[in-house]
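# An overview of the molecular structure
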Amino acid sequence: MPQTVTGRFEDGSAYQVQVTGAADRPVVGSARAAALVALHTGERVALTPTGPMRTVDGADPQSVLAVMHRYTRVLDSR
């Protein structure tokens with residue numbers, strides 16, 4: 001089931017996306033958020049502030065959410 005995430009980019013622009021868990025389209029709803037995830041795909045990111053580390057993969061919703069938390073201000077995630 002897709003997870004809905006609402007937040008703001010560093011410049012204050014708002015977004016709302018669904019994290020799908022699909023490798024070919026991990027984020028739906030914002031081209032800018034999708035580009036952010038694509039930019040960091042293959043990098044390692046901490047799933048929580050203290051770890052563990054995981055490689056960002058579009059098919060891995062946890063790593064996609066970690067990217068959103070790391071590079072944007074997530075306001076709501078459900």
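In what follows, the structure referred to is the one given above.
The structure reproduced in this document is the subject of the present report. None of the values given here were measured: they were computed from a predicted structure.

Below, the discussion takes up the overall build of the chain. Helix and strand counts for the chain stand at 2 helices and 6 strands. Structurally, the chain occupies a C-alpha span of about 30 × 25 × 25 Å along its principal axes. Classification of the 78 residues of the chain by burial places 33% in the buried group. Once local pairs closer than 6 in sequence are excluded, the contacts in the chain between residues at least 24 apart make up 40%. Put simply, the chain shows about 4700 Å² of open surface, and 51% of that area lies on carbon and sulfur atoms. Distance from the positive charge centre (8 side chains) to the negative charge centre (7 side chains) of the chain: 5 Å.

Residues of helix α1 (residues 31-40) that are buried include every one of Ala 33, Leu 36, Val 37 and His 40, and no others. Projected onto a plane normal to the axis of α1, the buried residues spread over an arc of 95° and lie on a single side. Away from its buried face by more than 90 degrees, α1 exposes Ala 31, Ala 38 and Leu 39.

This part is about the packing of α1 against helix α2 (residues 61-71). Taken N-terminus to C-terminus, the directions of α1 and α2 make an angle of 105°; their axes are 10 Å apart at the nearest point. In this view, α1 runs roughly perpendicular relative to α2, as classed from their interaxial angle. Where α1 approaches α2, its residues Ala 33, Leu 36, Val 37 and His 40 are matched on the opposing element by Val 64, Val 67, Met 68 and Tyr 71. Looking at side-chain class alone, the contact of α1 with α2 contains 7 nonpolar, 1 polar and no charged residues.

In the structure shown here, the tally under the stated rule is 3 salt bridges. Across the pair Asp 11 and Arg 32 runs a salt bridge whose closest N-O atoms are separated by 3.1 Å. Placement of Asp 11 in the loop between β1 (3-8) and β2 (14-19) and of Arg 32 in helix α1 is noted, with a sequence separation of 21 residues between them.

What tends to happen in soluble globular proteins is that the nonpolar side chains get buried as a cluster. Counting residues in each nonpolar core, the largest one holds 16 residues, and the members touching the most others are Val 5, Tyr 15, Val 17, Val 27, Ala 33, Val 37 and Met 68. Those elements that place two or more of their residues in this core are β2, α1 and α2. Sort the elements by how many residues they give to this core and α2 lands first, with 5 residues. With near-sequence residues (within four places) excluded, Met 68 lies in contact with Tyr 15, Ala 33, Leu 36, Val 37 and Val 74.

Basis of the calculations
Residues numbered from 1 in each chain as written. Predicted model: local features only at pLDDT ≥ 70, side-chain atom pairs only at ≥ 80, totals over all residues. Heavy atoms only, no water. Helix = DSSP H or I, 4+ residues; strand = E, 2+ residues; numbered from the N terminus. Buried < 20%, exposed > 50% of the residue type's maximum accessible area, 1.4 Å probe, protein only. Contact = heavy atoms within 4.5 Å. Areas by Shrake-Rupley, 256 points an atom, 1.4 Å probe, with all protein chains shown as cover. Lys, Arg positive; Asp, Glu negative; His and termini not counted. Charge placed at Lys NZ, Arg CZ, Asp CG, Glu CD. Arc of directions from axis to C-beta. Axes fitted to C-alpha atoms, helices over the stretch in contact; angles between N-to-C directions. Parallel < 35°, antiparallel > 145°, perpendicular 65-115°, else oblique. Nonpolar A, V, L, I, M, F, W, Y, C, P; charged D, E, K, R; others polar. Salt bridge = Lys/Arg side-chain N within 4 Å of Asp/Glu carboxyl O. Core = buried A, V, L, I, M, F, W, Y, C linked by side-chain atoms within 4.5 Å.

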